[in-house]
Amino acid sequence: MTNLQNPKSHYTTENFPKQYQEPPGLQTQMSPKPDCGETSYVGSGRLKGRKALVTGGDSGIGRAAAIAYAREGADVALNYLPEEQPDADEVKKLIEAEGQKAVLIPGDLSDESFCKELVEQAHSELGGLDLLALVAGKQQAVESILDLPTEQLEKTFQINVYSLYWTVKAALPHLPEGASIITTSSVEGFDPNPILLDYAATKFAIIGFTKALSKQLADKGIRVNSVAPGPIWTPLQISGGQPQENIPEFGKSTPATPIGRAGQPIELSATYVFLASTDSSYVTGQIYGITGGMPTV
Ligand code: NAD
Ligand code: MG
């Protein structure tokens with residue numbers, strides 16, 4: 001027996017069927033369903049006793065992080081939008097199956113007062129807080145700047161960028177030495193797609209926020225890093241993140257990756273765990289690309 005696998009064929013290479021859902025979309029209704037490690041992620045006690053808040057924890061990359069955190073021994077609070085309750089219920093069951101606590105806190109991150117309530121509730125129900133995995137995000141493709149509504153521009157910045165400031169501000173008084181903050185940027189924060197003018201700019205902003213905050217919080221013993229995914233098969237993409245014509249060859253040619261396929265959320269799990277754990281004790285202010293080979297320079 002060997003673990004040796006060709007990364008090109010490690011996960012599905014089939015074309016995806018076109019499928020549209022209203023945003024934010026439900027993972028339970030996707031075909032094929034993203035692989036978030038539900039049946040495969042194996043923990044080894046690397047986050048024993050930790051208390052994590054994961055935004056966007058119902059589906060996609062956030063779900064993969066939440067499952068991995070629970071299997072590594074953490075209790076987990078999940079944030080998501082109320083219409084994503086069926087996805088969140090599945091994650092809750094998976095966390096509880098590990099004997100860990102799952103706290104579900106639906107609500108809208110574009111509202112500053114909700115961000116404060118989210119942090120306070122997570123802290124009080126978990127009995128502490130030492131890990132923020134800020135994964136939630138909004139992405140709506142628009143061909144021309146002339147058609148980009150101001151409402152979308154504002155919401156995308158509020159959810160993707162402002163909520164990081166609001167959540168970290170509320171959490172900081174609770175975070176002990178050794179805590180970890182992980183943001184979620186993107187390959188779009190390095191090489192922006194012309195149809196993601198607002199979204200790509202938020203991902204550049206997240207990288208700046210992460211690097212500056214890491215310098216500010218190092219003295220407190222808190223590390224701040226970011227994960228920059230490439231094209232990953234999640235609800236974000238089929239609910240307007242890409243035009244439907246990009247869905248079949250997503251990650252193959254739209255966009256083209258050297259690995260030649262879309263990534264699955266589980267392929268990010270180990271990095272969210274690494275950046276949360278003491279294994280990364282000398283790592284802060286870094287942006288970890290998981291992009292199928294798309295450049296992050
Ligand atoms: P996803 O749809 O599974 O997750 C996005 C989540 O954001 C949703 O589940 C939802 O709960 C949350 N969200 C959106 N608006 C919100 C709001 N107003 N209030 C609270 N929560 C809200 O998709 P995903 O691809 O796993 O996205 C996770 C992160 O990864 C995002 O930040 C996204 O920008 C980033 N990312 C994704 C890709 C990709 O190809 N899928 C690539 C690069 C970066
Ligand atoms: Mg979701």
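Fair warning: this is a prediction, and the values are worked out from it, not measured in the lab.

Enquirer: Could you clarify how one ought to interpret the coordination of the magnesium ion (ligand 2) in this entry?
Expert: Protein coordination at the magnesium ion (ligand 2) comes from Asp58 (OD), Ser59 (OG) and Glu84 (OE), with a distance range of 2.1 Å. Sequence spacing of the donors to the magnesium ion (ligand 2): D-S-x24-E. When its relative accessible area of 11% is taken as the criterion, Ser59 is described as buried.

Enquirer: Honestly, the nonpolar core in this entry has me stumped. Any pointers?
Expert: Within soluble globular proteins, side chains that are nonpolar generally end up buried alongside one another. Within the largest apolar cluster, 32 residues are counted, with the highest numbers of intra-cluster contacts made by Val54, Tyr69, Val76, Leu78, Ile95, Ile182 and Tyr272. Contributing elements (two or more residues each) for this core: strand S1 (51–55), helix H1 (60–71), strand S2 (75–80), helix H2 (85–97), strand S3 (102–106), strand S4 (131–134) and helix H7 (266–276). When residues of this core are assigned to their parent elements, the largest contribution, six residues, is made by H1. In contact with Tyr69, other than residues within four places in its own chain, are Leu47, Ala52, Val54, Ala74, Val76, Leu131, Ala133, Ile182, Tyr272, Val273 and Ala276. Core analysis: the second largest hydrophobic core is formed by 29 residues, Ala77, Val168, Leu213 and Ile222 among them.

Enquirer: It is not clear to me how the environment of Ala228 should be interpreted in this structure. Could you clarify?
Expert: Take Ala228: it is sitting in strand S6 (residues 223–229). According to the relative accessible area criterion, Ala228 is buried, its value standing at 0%. Not counting residues up to four positions away in its chain, the partners in contact with Ala228 are Ser185, Ser186, Val187, Phe190, Ile287, Tyr288, Gly289, Ile290 and Thr291.

Enquirer: What is the right way to look at the pairing of S6 in this model?
Expert: Put simply, side chains in a regular strand alternate between the two faces of the sheet. Burial of S6 is extensive: seven of the seven residues sit out of reach of the surface. Burial along S6 is two-sided: the residues Arg223, Asn225, Val227 and Pro229 and Val224, Ser226 and Ala228 are all buried. With five bridges connecting them, strand S5 (residues 180–184) and S6 associate as parallel partners. Its bridge partner being in S6, Thr184 is matched across the sheet by Val227. Handedness of the crossover is the feature at issue here: the chain leaves S5, passes through helix H5 (residues 197–217), returns alongside S6, and the resulting connection is right-handed. Bridge count between S6 and strand S7 (residues 287–290): four bridges; the pairing is parallel. The residue of S7 that forms the bridge with Ser226 is Ile287.

Enquirer: Any chance you could explain the layout of surface pockets here in plain terms?
Expert: Empty space left among the atoms is revealed by rolling a probe the size of a water molecule over them. Space inside the second largest pocket adds up to approximately 210 Å³. For the lining of the second largest pocket, the per-class residue count stands at six nonpolar, six polar and two charged.

Enquirer: I keep staring at the pairing of S4 and nothing clicks. Help me out?
Expert: Residue alternation in S4 divides its side chains into two sets, Leu131 and Ala133 and Leu132 and Leu134, and both sets are buried. Two strands pair when backbone bridges link them, and S1 and S4 are joined in this way by four bridges, in the parallel orientation. The residue bridging Thr55 from the neighbouring strand is Leu134, located in S4. In terms of strand pairing, S4 meets S5 through four bridges, oriented parallel. Each residue of the ladder has a partner; that of Leu131, found in S5, is Ser180. Read from S4 through helix H4 (residues 150–171) to S5, the crossover connection turns out right-handed.

Enquirer: I would appreciate a short explanation of the packing of H4 against H5 in the present structure.
Expert: Each pair of packed helices can be described by the angle between their axes along with the distance between the axes. One way to put it is that H4 packs onto H5 with a least axis distance of 9 Å and a crossing angle of 15°. With respect to their mutual orientation, H4 and H5 come out roughly parallel. Seen from above, H4 lies across H5 with right-handed handedness. Of H5, the residues touching H4 (which contributes Gln152, Leu153, Thr156, Phe157, Asn160, Val161, Leu164, Tyr165 and Val168) are Asp198, Tyr199, Ala201, Thr202, Lys203, Ala205, Ile206, Phe209 and Leu213. Its residues assigned to classes, the contact of H4 with H5 shows 12 nonpolar, four polar and two charged.

Enquirer: Help me out: how do you make sense of the site of ligand 1 in this one?
Expert: Contacts to ligand 1 come from 30 residues, most closely from Ser59, Glu84, Tyr199, Thr234 and Gln237. Within the backbone of Gly137, one N or O atom sits 3.1 Å away from an oxygen atom of ligand 1. Separating an oxygen atom of ligand 1 from a side-chain N or O atom of Lys203 is a distance of 2.9 Å. Notes on ligand 1: free accessible area 810 Å², of which the protein chains cover 97%. With three residues, the single largest contributor to the shell around ligand 1 is helix H6 (residues 235–241).

Thresholds applied
Residues numbered from 1 in each chain as written. Chains lettered and ligands numbered in written order. Predicted model: local features only at pLDDT ≥ 70, side-chain atom pairs only at ≥ 80, totals over all residues. Heavy atoms only, no water. Donors = N, O, S within 2.8 Å, 3.2 Å for Na, K, Ca; no water. Buried < 20%, exposed > 50% of the residue type's maximum accessible area, 1.4 Å probe, protein only. Core = buried A, V, L, I, M, F, W, Y, C linked by side-chain atoms within 4.5 Å. Helix = DSSP H or I, 4+ residues; strand = E, 2+ residues; numbered from the N terminus. Contact = heavy atoms within 4.5 Å. Pairing = 2+ DSSP bridges. Right-handed = clockwise from strand over helix to strand, strands pointing away. 1 Å grid on protein atoms, 1.4 Å probe; cavity = no way out; pocket = protein on both sides within 12 Å on 5 of 7 lines; lining within 4 Å. Points joined across faces, edges and corners; volume = space filled by probe spheres on them. Nonpolar A, V, L, I, M, F, W, Y, C, P; charged D, E, K, R; others polar. Axes fitted to C-alpha atoms, helices over the stretch in contact; angles between N-to-C directions. Parallel < 35°, antiparallel > 145°, perpendicular 65-115°, else oblique. Left-handed = near helix turned anticlockwise from the far one by under 90°. Near = heavy atom within 4 Å. Polar contact = N/O pair within 3.5 Å; in protein donor to acceptor, adjacent residues only side chain to side chain. Areas by Shrake-Rupley, 256 points an atom, 1.4 Å probe, with all protein chains shown as cover.

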